[in-house]
Amino acid sequence: MASVRLLPIDSARCGARVWSTKDKTFATVVVKATFQPAAGGALELADETEPIVAADEHLEQNPTKSVRLSSDLAPYLSRGEVFLTGSARSTGGTRGVVRLVVARGSTVLVDRRVVVRGDDAPRGQPLVVPLVFENAAGGPGQKQNPVGRATPLLLDPT
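Residues numbered from 1 in each chain as written. Predicted model: local features only at pLDDT ≥ 70, side-chain atom pairs only at ≥ 80, totals over all residues. Heavy atoms only, no water.

(A) Layout of the overall build of the chain. Assigned secondary structure in the chain consists of zero helices and eleven strands. Seen in sequence order, the chain has helices and strands lined up from the N terminus as β-β-β-β-β-β-β-β-β-β-β. Viewed in the frame of its principal axes, the chain has a C-alpha envelope of about 60 × 45 × 30 Å. In the chain, buried positions account for 21% of the 158 residues. Across the chain, contacts joining residues at least 24 apart in sequence account for 36% of those joining residues at least 6 apart. By element, 52% of the accessible surface of the chain is carried by carbon and sulfur atoms, the whole surface being about 11,700 Å². Distance from the positive charge centre (19 side chains) to the negative charge centre (16 side chains) of the chain: 6 Å. (Helix = DSSP H or I, 4+ residues; strand = E, 2+ residues; numbered from the N terminus. Buried < 20%, exposed > 50% of the residue type's maximum accessible area, 1.4 Å probe, protein only. Contact = heavy atoms within 4.5 Å. Areas by Shrake-Rupley, 256 points an atom, 1.4 Å probe, with all protein chains shown as cover. Lys, Arg positive; Asp, Glu negative; His and termini not counted. Charge placed at Lys NZ, Arg CZ, Asp CG, Glu CD.)

(B) Expanded view of the sheet that holds strand β11 (residues 154-155). Here three strands make up an open sheet; going across it, the order is β8-β9-β11 and the pairing antiparallel. Looking at the sheet topology across the chains shown, the edges are occupied by β8 (95-104) and β11. Of the strand pairs in this sheet, β8 and strand β9 (residues 107-117) are connected by ten bridges, and their pairing is antiparallel. Across the sheet, residue Val-101 finds its bridge partner in β9, namely Asp-111. (Pairing = 2+ DSSP bridges.)

(C) The packing of aromatic side chains, seen in detail. Enumeration over the complete set of coordinates arrives at one aromatic pair. Measuring from ring centre to ring centre gives 4.9 Å for Trp-19 and Phe-26, while their planes differ by 25°; the resulting arrangement is stacked. Look at Phe-26 and you get partly exposed, because its relative accessible area is 35%. (Phe/Tyr/Trp six-rings, centres within 6.5 Å; stacked < 30°, edge-to-face > 60°.)

(D) Representation of the environment of Asn-145 within the structure. You can see Asn-145 is positioned in the loop between β10 (126-130) and β11. Each C-alpha atom, one on Asn-145 and one on Leu-45, is 34 Å from the other, the two residues being 100 residues apart in sequence. Look past the residues within four positions of Asn-145 in its chain and what remains in contact with it is Phe-133, Ala-136, Ala-137, Gly-138 and Gly-139.

(E) Spotlight on the side chain of Asn-145. Residue classification places Asn-145 among the buried residues on the basis of a relative accessible area of 6%. Among the polar contacts listed, one links the side chain of Asn-145 to the backbone oxygen of Ala-137, at a separation of 3.0 Å. (Polar contact = N/O pair within 3.5 Å; in protein donor to acceptor, adjacent residues only side chain to side chain.)

(F) Quick look at a negative patch on the surface. Negative charge collects at one region of the surface, where Glu-44, Asp-47, Glu-48 and Glu-50 lie side by side. With respect to the helices, strands and loops of the structure, Glu-44 is situated in strand β4 (residues 43-45). By relative accessible area, which is 39% here, Glu-44 ends up partly exposed. (Patch = residues over 30% accessible without salt bridge, like charges linked within 9 Å, V, L, I, M, F, W, Y side chains within 5 Å. Salt bridge = Lys/Arg side-chain N within 4 Å of Asp/Glu carboxyl O.)

So this is what it looks like as structure tokens:
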């Protein structure tokens, strides 16, 4: 099978997977970059970017837990993906909102919000909630999120 050679520029990372179906050969090419906030709210290329992930990695290397990192080299995706990792911060006794917006010019491509529920935490205490499916609504037998919890810390605001 053919191979693909890629030359990354600056801190960007590149990867490729060659695959075939129905006697046709295709290449999935990935260019990965990390951006950081700059003056005026713009983003600039960061000095370092995480490596290309060849296979899904689960929390605690346990396949029954949510995906910590998804493979960058999926043979085919019908559309691009945005994968957000991190933690939401709030104060005990209050609710906070995490918002991710991806836009191209004035066209908004992604606009997602998650409410961080700090109602049950001690009032005034810092609250850090990892953005993982285990902290969202769901639980065993729940088709949408079988690894979730009955009393979620992360809520869909709709």
